[in-house]
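# Examining the three-dimensional arrangement
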Amino acid sequence: MQETALITGGALRIGEALVRHLAKKGWNIAIHFNRSHQSAQKIADELSKSYPNQKFITFQSNLTVDTEIEDLIPAVIHKLRIPSLLINNASVFEPKSLKETSACFFDEQMKVNFRAPFILSRNFANLCKKGNIINLVDTRITTNKSDFAAYTLSKKALWELTKMAAFEFGPAIRVNGIAPGLTLAPAEKGENYLLNLAKHIPMKRPGGVDPILQSLDHILENDYLTGQLLFCDGGENLGYIN
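Attention in this report is confined to the structure presented alongside it. In this text, all values refer to a predicted model and were calculated from it rather than measured experimentally.

### What about the sheet that holds strand 4 (residues 85-88)?
The seven strands are arranged 3-2-1-4-5-6-7 in an open sheet whose pairing can be described as parallel. The open sheet has two edge strands, strand 3 (56-60) and strand 7 (229-232), and neither has a second partner. Taken over all neighbouring pairs, the strand axes of this sheet differ in orientation by 20° on average, direction set aside. Here five bridges tie strand 2 (residues 28-33) to strand 3, and the two strands are oriented parallel to one another.

### Overview of the packing of helix 3 (residues 66-79) against helix 4 (residues 103-128)
Two numbers describe how helix 3 lies on helix 4: the axes approach to 10 Å, and their chain directions differ by 35°. Handedness of the helix 3/helix 4 crossing: right-handed. Across from Asp66, Ile69, Glu70, Leu72, Ile73, Pro74 and Ile77 in helix 3, the residues of helix 4 making contact are Arg115, Ala116, Ile119, Leu120, Arg122, Asn123, Phe124, Leu127 and Cys128.

### What about the packing of aromatic side chains?
In the structure shown here, the tally under the stated rule is three aromatic pairs. Considering the side-chain rings of Tyr51 and Phe56, the 6.3 Å spacing of their centres and the 50° angle between planes classify their relative orientation as tilted. Relative accessible area serves as the criterion here: at 22%, Tyr51 is assigned to the partly exposed category. Exposure remark for Phe56: the relative accessible area of 7% places this residue in the buried category. With a centroid separation of 4.2 Å and an interplanar angle of 5°, the aromatic rings of Phe93 and Phe148 are classed as stacked. Here the residue Phe93 occupies a position in the loop between strand 4 and helix 4, and Phe148 occupies one in the loop between strand 5 (131-136) and helix 5 (149-169), the gap between them amounting to 55 residues. Owing to a relative accessible area of 39%, Phe93 belongs among the partly exposed residues under this scheme. Through pairs of rings, three or more aromatic residues link up here, namely Phe93, Phe148 and Tyr151.

### Concerning the packing of helix 1 (residues 13-24) against helix 2 (residues 37-50)
At a minimum axis separation of 11 Å, helix 1 and helix 2 run at an interaxial angle of 15°. Relative to helix 2, the element helix 1 lies roughly parallel. Pair helix 1 / helix 2 crosses with right-handed handedness. Across from Glu16, Val19, Arg20 and Ala23 in helix 1, the residues of helix 2 making contact are Ile43, Glu46 and Leu47. Residue classes in the contact of helix 1 with helix 2 are distributed as four nonpolar, no polar and three charged.

### Section: the nonpolar core
The biggest cluster of nonpolar side chains holds 29 residues, and the ones touching the most others in it are Leu18, Leu22, Ile29, Ile87 and Ile178. In terms of residues, this core owes the most to one element, helix 1, which gives six residues. Apart from the residues lying within four places of it in its own chain, the contact partners of Ile178 are Ile134, Asn135, Leu136, Val137, Asp138, Ile212, Ser215, Leu216, Ile219, Leu229, Leu230 and Cys232. Of all hydrophobic cores here, the second largest spans 24 residues; its members include Ala116, Cys128, Ile133 and Ile173.

### Quick word on unusual backbone geometry
The general pattern is negative phi for most residues beyond glycine and trans for most peptide bonds. In this structure, Pro171 follows Gly170 across a cis peptide bond, with omega equal to 5°. One non-glycine residue, Arg13, lies in the positive phi region at around 50°. With respect to the helices and strands, Arg13 occurs in helix 1. Looking at Arg13, the relative accessible area reads 43%, which means it is partly exposed. One non-glycine residue, Lys129, lies in positive phi territory at about 75°. Classification of Lys129 as exposed rests on a relative accessible area of 54%.

### Quick word on the pairing of strand 2
Note on strand geometry: in a regular strand, side chains alternate between the two faces of the sheet. Among the six residues in strand 2, six count as buried, and that is most of the element. Burial of strand 2 is two-sided: the residues Asn28, Ala30 and His32 facing one way and the residues Ile29, Ile31 and Phe33 facing the other way are all buried. By the bridge criterion, four bridges tie strand 1 (residues 4-7) to strand 2 in an arrangement that is parallel. Looking at the pairing, Leu6 lines up with Ala30 of strand 2. In the classification by handedness, the crossover that spans strand 1, the intervening helix 1 and the parallel strand 2 is right-handed. In this region the chain leaves strand 2, passes through helix 2 and returns to the parallel neighbour strand 3; the handedness of that crossover is right-handed.

### Description of the environment of Glu94
Structurally, Glu94 can be placed in the loop between strand 4 and helix 4. Setting aside residues up to four positions removed in sequence, Glu94 forms contacts with Phe105, Gln109 and Phe148. For Glu94, the side chain forms a polar contact with the side chain of Gln109, separated by 3.4 Å.

About the cut-offs
Residues numbered from 1 in each chain as written. Predicted model: local features only at pLDDT ≥ 70, side-chain atom pairs only at ≥ 80, totals over all residues. Heavy atoms only, no water. Pairing = 2+ DSSP bridges. Helix = DSSP H or I, 4+ residues; strand = E, 2+ residues; numbered from the N terminus. Axes fitted to C-alpha atoms, helices over the stretch in contact; angles between N-to-C directions. Left-handed = near helix turned anticlockwise from the far one by under 90°. Contact = heavy atoms within 4.5 Å. Phe/Tyr/Trp six-rings, centres within 6.5 Å; stacked < 30°, edge-to-face > 60°. Buried < 20%, exposed > 50% of the residue type's maximum accessible area, 1.4 Å probe, protein only. Parallel < 35°, antiparallel > 145°, perpendicular 65-115°, else oblique. Nonpolar A, V, L, I, M, F, W, Y, C, P; charged D, E, K, R; others polar. Core = buried A, V, L, I, M, F, W, Y, C linked by side-chain atoms within 4.5 Å. Right-handed = clockwise from strand over helix to strand, strands pointing away. Polar contact = N/O pair within 3.5 Å; in protein donor to acceptor, adjacent residues only side chain to side chain.

Function cannot be read off these values alone, since they describe shape.
Encoded structure:
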């Protein structure tokens, strides 16, 4: 029987790479999006043609609205089947220091990056009963840099959720995290943006999405792994090299 995965933020960037990777491995995929309807549908249509024996369905949900988050997994179960994999990938990533962070801005970052994964993970445990949850964290959690203060705090909280959920949900559900580093440059940045940043990490180069996909495979294949965080960041978590 084909397994089903729900990937939040599956229409763009890392999310799209995760969708395409699992499609190649035979999964049915629920592609979540908020505003990127055209991108999500394009991917679903393309994959449906390439893999006609699998199902690819898009699901719209605003991850700042509790009722829409609550409805997401039941909708996936209704239209596909009970998912055995939840990847909490969707996030918002905006710069503001602690002093610049308003209560409203803080709430927006926390809702998407932490509150939504919390609700989805709880619902996955209650409705799906077994499988895997994988949270996309960030290598920034190892530092106290405050240039993306609310974002970093939300990812620190997500890592703590990962451990707590692994402790409570096992053995039926394994919960792990992946912490990317220099993966994809922001849309508004040039080609040299990541190359310049990479000069200050041990591996001296950006990683792209492949290390994330390899980490995903490792988590899925190692059925004794839970409560762990895989850093695929070229050693960035070890410190900043001048």
